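Coordinate analysis (summary)
For reference, the chains in residue letters:
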Amino acid sequence: NFKISVCGFFQSALTIDQQSHSVSVSEILAVQELDLESGTKDDGRWQKMSQKPTEAYPYAFTVSYVRRARKHRWRCTDVTFFCPEWALCQQWVQTIKEQLAELTSRPKHLLVYINPYGGKQQGTCIYEQKVAPLFARASISTDVIVTEHANHARDHLRTVAELKQYDGVVCVGGDGMFSEIVHGLVSRTQKDNGVDQNSPEEKLVACSLRIGIIPAGSTDCICYGTVGINDPVTSALHIIVGDSQPMDVCSVHHNKTFLKYSVSLLGYGFYGDVLADSERKRWMGPARYDFSGFKTFLTHHYYEGTVSFQPATDTLGTPRDKSPCRAGCVLTSLLCSTPENEGGWRVIRGKFLAINAASMSCACPRSPKGLSPAAHLADGTTDLILVRKCSRFNFLRHLIRHTSKDDQFDMTFVEVHRVRRFRFLPRHCQNDSEQDLRENGKRLFGQICRDHPARGCSPAFSSWNCDGEILPHAAIEVGVHCQLIKLFARGIEEPPVFEDVAATCAI
Ligand SMILES: Nc1ncnc2c1ncn2[C@@H]1O[C@H](COP(=O)(O)OP(=O)(O)OP(=O)(O)O)[C@@H](O)[C@H]1O
Ligand SMILES: CCCCCCCCCCCCC/C=C/[C@@H](O)[C@H](CO)NC(C)=O
Ligand SMILES: [Ca+2]
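Procedures and definitions
Residues numbered from 1 in each chain as written. Chains lettered and ligands numbered in written order. Predicted model: local features only at pLDDT ≥ 70, side-chain atom pairs only at ≥ 80, totals over all residues. Heavy atoms only, no water. Donors = N, O, S within 2.8 Å, 3.2 Å for Na, K, Ca; no water. Buried < 20%, exposed > 50% of the residue type's maximum accessible area, 1.4 Å probe, protein only. Near = heavy atom within 4 Å. Polar contact = N/O pair within 3.5 Å; in protein donor to acceptor, adjacent residues only side chain to side chain. Areas by Shrake-Rupley, 256 points an atom, 1.4 Å probe, with all protein chains shown as cover. Nonpolar A, V, L, I, M, F, W, Y, C, P; charged D, E, K, R; others polar. pLDDT = per-residue confidence, 0-100. Contact = heavy atoms within 4.5 Å. Helix = DSSP H or I, 4+ residues; strand = E, 2+ residues; numbered from the N terminus. UniProt positions renumbered as here; feature names shortened; annotations may be inferred. 1 Å grid on protein atoms, 1.4 Å probe; cavity = no way out; pocket = protein on both sides within 12 Å on 5 of 7 lines; lining within 4 Å. Points joined across faces, edges and corners; volume = space filled by probe spheres on them. Salt bridge = Lys/Arg side-chain N within 4 Å of Asp/Glu carboxyl O. Axes fitted to C-alpha atoms, helices over the stretch in contact; angles between N-to-C directions. Parallel < 35°, antiparallel > 145°, perpendicular 65-115°, else oblique. Left-handed = near helix turned anticlockwise from the far one by under 90°. Pairing = 2+ DSSP bridges.

Taken together, the protein donors to the calcium ion (ligand 3) comprise D248 (OD), S359 (O), H376 (O), D379 (OD) and T381 (O), at separations of 2.3 to 2.7 Å. The sequence pattern formed by the donor residues of the calcium ion (ligand 3) is D-x110-S-x16-H-x2-D-x1-T. Looking at T381, the relative accessible area reads 2%, which means it is buried.

Taken together, the neighbourhood of ligand 2 is formed by 17 residues, with D175, T219, S264, N465 and D467 sitting nearest. At 2.7 Å, a side-chain N or O of D175 approaches an oxygen atom of ligand 2. Within the side chain of N465, one N or O atom sits 2.9 Å away from an oxygen atom of ligand 2. Expressed as a share of its isolated accessible area of 640 Å², the protein-covered part of ligand 2 is 81%. Looking at side-chain class alone, the shell around ligand 2 contains 8 nonpolar, 7 polar and 2 charged residues.

Take the confidence of the model for the protein chain next. Looking at the protein chain, the pLDDT average stands at 87 and 84% of residues meet or exceed 70. Ignoring residues within four places in sequence, the model shows residues 443-455, a span with pLDDT below 50, making 13 contacts including any to other chains. Reported for the predicted complex are a pTM of 0.89 and an ipTM of 0.95.

For the rest of this paragraph, the subject is helix α8 (residues 270-279). Across the 10 residues of α8, 8 count as buried, placing the element largely inside the fold. All of the buried residues along α8 are F270, Y271, G272, D273, V274, L275, D277 and S278.

With numbering aligned to this structure, UniProt lists the feature "domain: DAGKc" (unreviewed entry) at residues 105-256. Within residues 105-256, the helical portion is 38% and the strand portion 22%, while the C-alpha atoms at the span's ends are 38 Å from each other.

The next thing to look at is the layout of surface pockets. Rolled over the atoms, a probe sized like a water molecule indicates the empty space that remains. Approximately 1,300 Å³ is the volume attributed to the largest pocket. For the largest pocket, the lining is made up of 49 residues, of which T219, L275, Y289, R366 and N465 are closest to its centre. Elements represented by at least two residues in the lining of the largest pocket include exactly α5 (175-192), α8, α9 (287-299), α11 (392-400) and β18 (469-470). Considering every element that reaches the lining of the largest pocket, the biggest residue donor is α9, with 6 residues.

Below, the discussion takes up the pattern of salt bridges. On inspection of all chains with the given rule, the structure shows 24 salt bridges. Of the charged contacts in the structure, one is a salt bridge between R280 and D277, with a shortest N-O distance of 3.2 Å. By relative accessible area, which is 60% here, R280 ends up exposed. Take D277: its relative accessible area is 6%, and that puts it in the buried class. One salt bridge connects D407 with R320, and the closest N-O pair in it is separated by 2.9 Å. With D407 in the loop between α11 and β16 (414-426) and R320 in the loop between β13 (303-311) and α10 (330-333), this residue pair connects regions lying 87 residues apart in the sequence.

Following both chains from N to C, one finds helix α3 (residues 123-137) and helix α7 (residues 232-240) inclined at 30°, their axes separated by 10 Å at the closest point. Judged by the inter-axis angle, α3 sits roughly parallel to α7. Our pair here, α3 against α7, has a crossing hand that is right-handed. The segment α3 lies against α7, with I126, K130, V131, L134 and F135 engaging P232, V233, A236, L237, I239 and I240. Residues belonging to the contact of α3 with α7 are distributed by class as follows: 10 nonpolar, no polar and 1 charged.

Within the sequence span of helix α4 (residues 152-159), burial applies to H152, A153, R154 and L157. Those residues of α4 that are buried are in contact with β6 (109-114), β7 (141-146), β8 (168-173) and α5.

Here we take up empty space enclosed by the protein. Tallied over the entire structure, the rule returns 5 cavities of 30 Å³ or more. In this structure, the second largest cavity encloses a volume near 60 Å³. Along its surface, the second largest cavity is lined by 11 residues, and H72, W74, V227, H238 and E493 are the ones closest to its centre. Its residues assigned to classes, the lining of the second largest cavity comprises 5 nonpolar, 3 polar and 3 charged.

The next thing to look at is the pairing of strand β12 (residues 265-269). For β12, the buried fraction is high: 5 of the 5 residues fall into the buried class. Examined bridge by bridge, β12 and strand β14 (residues 346-358) share 5 bridges and lie antiparallel to one another. Its bridge partner being in β14, G269 is matched across the sheet by A354. Pairing analysis gives 3 bridges linking β12 to strand β17 (residues 464-466), with the strands arranged antiparallel. Looking across to β17, one finds that L266 is bridged to C466.

The structure is reproduced here in structure tokens:
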């Protein structure tokens, strides 16, 4: 890891406040020679500098690099060096450019999809104002597509002729937009390799293109859980430095037919009902989740069914671990292999307020530790959380613990299992082909209300919330595909030692 010690090499020259500052080449974004004659100095940047060229130091170059700010934010910072000789200045610029050219993991050409409709509908503006200038400074070229309808990006990725010309795909939007990109890329990869997605047991081929997320959605939990913050500039910088974070993907099947992929949350009951209600209130923007969350909490519906799962007995961690998945996580660096002795299936029947499968922590601004704080990004497992029927008060205690340090699993009505595969069958589907879920649901809902008038009405079916999309079936089979995709991210870094920045230096 070659480092340029900015002031360390030039102790004899001027250093600001006598501070030494070291920047790894892997975190340099660009170097630019300042042409003092031709107006580069007039672009406003000189005003920000505490130093200007002098007669003794008339030549200058600027290095743009990553500075770590608070709460996992990254910022682009410039440091300008002044040189006494033109040749020395040239030599430094050339050397740094050569070092940067050796970083082969950095993307040069990206395909960018912007969802102008996600979150607060700021996607286009966020990209143009915050991200495009950084890509330009790092000499990354882009093909940009502003989507015109849902599934535009997914279908484009499935069919676009020359995907190989790109070093990655970037989506500007939320979890739903990311999900479109995952579906496009994974389907395309399977098609190109002759793999049948409809077979639940089929081993899928990993995607070679990395995906970048510029957060502009409502939850942004994939971005938050892989970078530590939903901040467009931070994400753009992780893309520019060419980070790579593998991630697990769940495939969801119904009756041996492929339905969807999921990377974050598959939630039945509470989170399915919140989503179904909130989709009708998209006009409210991100606040729709708070409104529908409160409403769903008050309705307090439970759902009966059977959950079967294959515990991941051979993994190194458990969902009750105290240490979360962080950058450089040892489980992520292990290669995925099919366990030699796949455990047997466990079956649990019951009445559930929520059935959640979290393939990653699902941390987001609403819940900074997430639904399953110790879930790993790329260990080939998902954490299956079963919340059994309980009082409203207890369910509220459980929900509130998502937002505090208290353990949301340490409650008698909650259990959590780390699994490789699971199935769910709603009670009323057990002798039913589930041909038309909605019609059956309405019929059964009425029937249950007639049969149990005093107990309040819980409908027979909820819906599955699959990364923010509603699945059309309640009976599903889910399998985890270890490290099927890669993101331009590195996992959440441990809190940094805060660094002060030397704004200018002379050599
Ligand atoms: N041009 C478009 N018009 C309408 N819908 C679109 C368009 N482009 C994409 N979509 C759809 O918009 C949906 C929501 O987008 P997105 O995920 O970006 O925002 P969000 O739902 O507000 O955020 P989050 O998923 O983080 O909660 C996605 O499922 C995507 O398929
Ligand atoms: C009364 C206090 C209640 C606090 C409850 C806080 C719990 C928040 C947990 C949020 C987890 C979100 C998981 C992410 C799911 C995404 O896939 C999806 C699409 O973006 N978002 C939602 C909200 O379904
Ligand atoms: Ca996982």
